[in-house]
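Chain and residue survey
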Amino acid sequence: MSRCATVSRSLDEPVSGTAATATTWLLLEQPGPWGAKALTSSHLDPALGRALESAAEGTGVRVALIRRPGRHADPGRPSVRQLYAAHTVPGRVWLHSARIRDPQRLLGLDFAALGAGDHRSFGTALGGRAHRGDPLALVCTNGKRDRCCALLGRPLAAELAASGVRGVWEVTHLGGHRFSPTVLVLPYGYAYGRVEAHTVKEALHGVREERVVVEGCRGCSAWERPGQAAELAVRSAAGEYRAGVLRVVRTDGRAPRWEVTVGHADGRRWRVTVAQGASLPPRPESCGAAVLGTPARMDVVDVRRLRPTALAS
């Protein structure tokens, strides 16, 4: 094995907000106010929200609500809603869209297939097609979940929209409140924290050029926490910023230390050592929390390029 220069890369919180991955995002337009658990505390039928949560559980599908930037007085039920589905596993990325009148039709989706990257039920049940428009920038703005998402996220969404950036939506929850404003960029599924408008614009420009912007990047939602940190570390060590060419092949070990194997489409591989540490000095676990804590963080301590003879080990 050849050793790359050690990369100091840390990730304080997973993109999804939990240890689980979100390989596919299902995004439903829902205007009006959102509660802390938006699927069941918004103007969406709460029974439908519970059914969607149940259908998505354990499938790799993350269901979220989106709305246009701006004021959110209740406009009444929208006659037509925008809907997106995006699969974010590198090498199999797609973004499809549809417009629907009855959100109950979402229950006709095959959630397990969607999570595995099969978009056929999105087309069959909802008339979805490949999205031909601009990439999406989803800005977390749910102040009922954490006040900084509203205080910092909503102005960012408004600034982006006012400056003519297309594909900007507010979204209910991305995780990592203390990194507000947080943004998820689709179709590739990379999240960004503490960003300003210029970073989001550069990330969207990168999508059009099929490359990943690592400034402010918190990782790809398709991977678990150690994989998110490991993939970004390999990008920096190898100078590889093309989208879709790196993927997490396997993760060995358990907290507080993992060995993550990251593979390149050209056959190269790296083994990355990731250690779980604590964020110091003590800080609030989320933006609105009064109690200080030491949130877990992922620290990359070593990046090693594997020689061909070591690939089978």
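A brief look at the structure comes next. (Residues numbered from 1 in each chain as written. Predicted model: local features only at pLDDT ≥ 70, side-chain atom pairs only at ≥ 80, totals over all residues. Heavy atoms only, no water.)

Here the focus is the sheet that holds strand β11 (residues 190-192). Read from one edge to the other, the open sheet built from 10 strands follows the order β7-β6-β5-β3-β4-β9-β8-β10-β11-β12, with strand pairing classed as mixed. The open sheet is flanked by β7 (129-130) and β12 (217-220), the only strands paired with a single partner. Here strand β6 (residues 94-100) runs beside β7; their pairing, made up of 2 bridges, is antiparallel. Residue pairing across strands places His96 opposite Ala130, the latter belonging to β7. Against the sheet, helix α4 (residues 147-162) makes contact with β8 (136-140), β9 (168-171) and β10 (183-186), and its axis sits at roughly 155 degrees relative to β8, the strand it touches most. Here helix α6 (residues 225-238) sits on the sheet in contact with β11 and β12, set at roughly 110 degrees to β12. (Pairing = 2+ DSSP bridges. Helix = DSSP H or I, 4+ residues; strand = E, 2+ residues; numbered from the N terminus. Contact = heavy atoms within 4.5 Å. Axes fitted to C-alpha atoms, helices over the stretch in contact; angles between N-to-C directions.)

Note that soluble globular proteins tend to have their nonpolar side chains buried in a common cluster. One finds Leu156, Leu160, Val183, Tyr192, Val200, Val272 and Val274 to be the most contacted residues of the largest nonpolar core, which totals 43 residues. In this structure Leu160 touches Val139, Val165, Val168, Ala197, Val200 and Lys201, once residues within four positions along its chain are discounted. Membership of the second largest hydrophobic core comes to 23 residues, among which are Leu83, Ile100, Phe111 and Phe122. (Core = buried A, V, L, I, M, F, W, Y, C linked by side-chain atoms within 4.5 Å. Buried < 20%, exposed > 50% of the residue type's maximum accessible area, 1.4 Å probe, protein only.)

Attention shifts here to the pattern of salt bridges. The tally for this structure, following the rule as stated, stands at 13 salt bridges. Put simply, Arg208 and Asp134 hold a salt bridge, and the shortest N to O gap is 3.5 Å. Of this pair, Arg208 sits in helix α5 (residues 197-208) while Asp134 is found in the loop between β7 and β8, placing the two residues 74 residues apart along the sequence. With a relative accessible area of 21%, Asp134 lands in the partly exposed category. Here Arg235 makes a salt bridge to Glu231, at a shortest N to O gap of 2.9 Å. One end of the pair is Arg235 and the other is Glu231, both in helix α6 and 4 residues apart, which spans about a single turn. Classification of Arg235 by relative accessible area gives buried; the value is 0%. The structure contains a network of salt bridges with shared partners spanning Asp134, Arg166 and Arg208. (Salt bridge = Lys/Arg side-chain N within 4 Å of Asp/Glu carboxyl O.)

Moving on, we come to the packing of α4 against α5. Direction vectors running N to C along α4 and α5 enclose 60 degrees, while the axes themselves pass 10 Å from each other. The angle between α4 and α5 places the two elements in the oblique class. In the packing of α4 onto α5, the handedness of the crossing is right-handed. In this structure, α4 contributes Leu156, Glu159 and Leu160 to the contact, and α5 contributes Ala197, Val200 and Lys201. Of the residues in the contact of α4 with α5, the class split is 4 nonpolar, no polar and 2 charged. (Parallel < 35°, antiparallel > 145°, perpendicular 65-115°, else oblique. Left-handed = near helix turned anticlockwise from the far one by under 90°. Nonpolar A, V, L, I, M, F, W, Y, C, P; charged D, E, K, R; others polar.)

Relative to strand β15 (residues 269-278), strand β14 (residues 257-264) runs antiparallel, the two being bridged by 7 bridges. What sits directly across from Trp258, in β15, is Val274. Where β14 folds back onto β15 in an antiparallel hairpin, the turn is made up of 4 residues, including Gly267, whose phi is positive at roughly 105 degrees. With 10 bridges connecting them, β15 and strand β18 (residues 296-306) associate as antiparallel partners. From the neighbouring strand, Arg271 faces β18, where its bridge partner is Arg304.

Moving on to α5. Taking 1.5 Å per residue, 12 residues should reach 16 Å; α5 reaches 17 Å between its end C-alpha atoms and fits that length. When α5 is considered as a whole, its buried residues turn out to be Ala197, Thr199, Val200, Ala203, Leu204, Gly206 and Val207. In this structure, the buried side of α5 is in contact with β8, α4, β10 and β11. Looking one or two residues past α5, Glu210 carries a phi angle of roughly 60 degrees, positive in sign. (Expected span 1.5 Å × (residues − 1).)

Topologically, Gly253 is positioned in strand β13 (residues 246-254). When its relative accessible area of 58% is taken as the criterion, Gly253 is described as exposed. Sequence separation between Gly253 and Val274 is 21 residues; the distance between their C-alpha atoms is 9.8 Å.

This is a description of form; function is not addressed.
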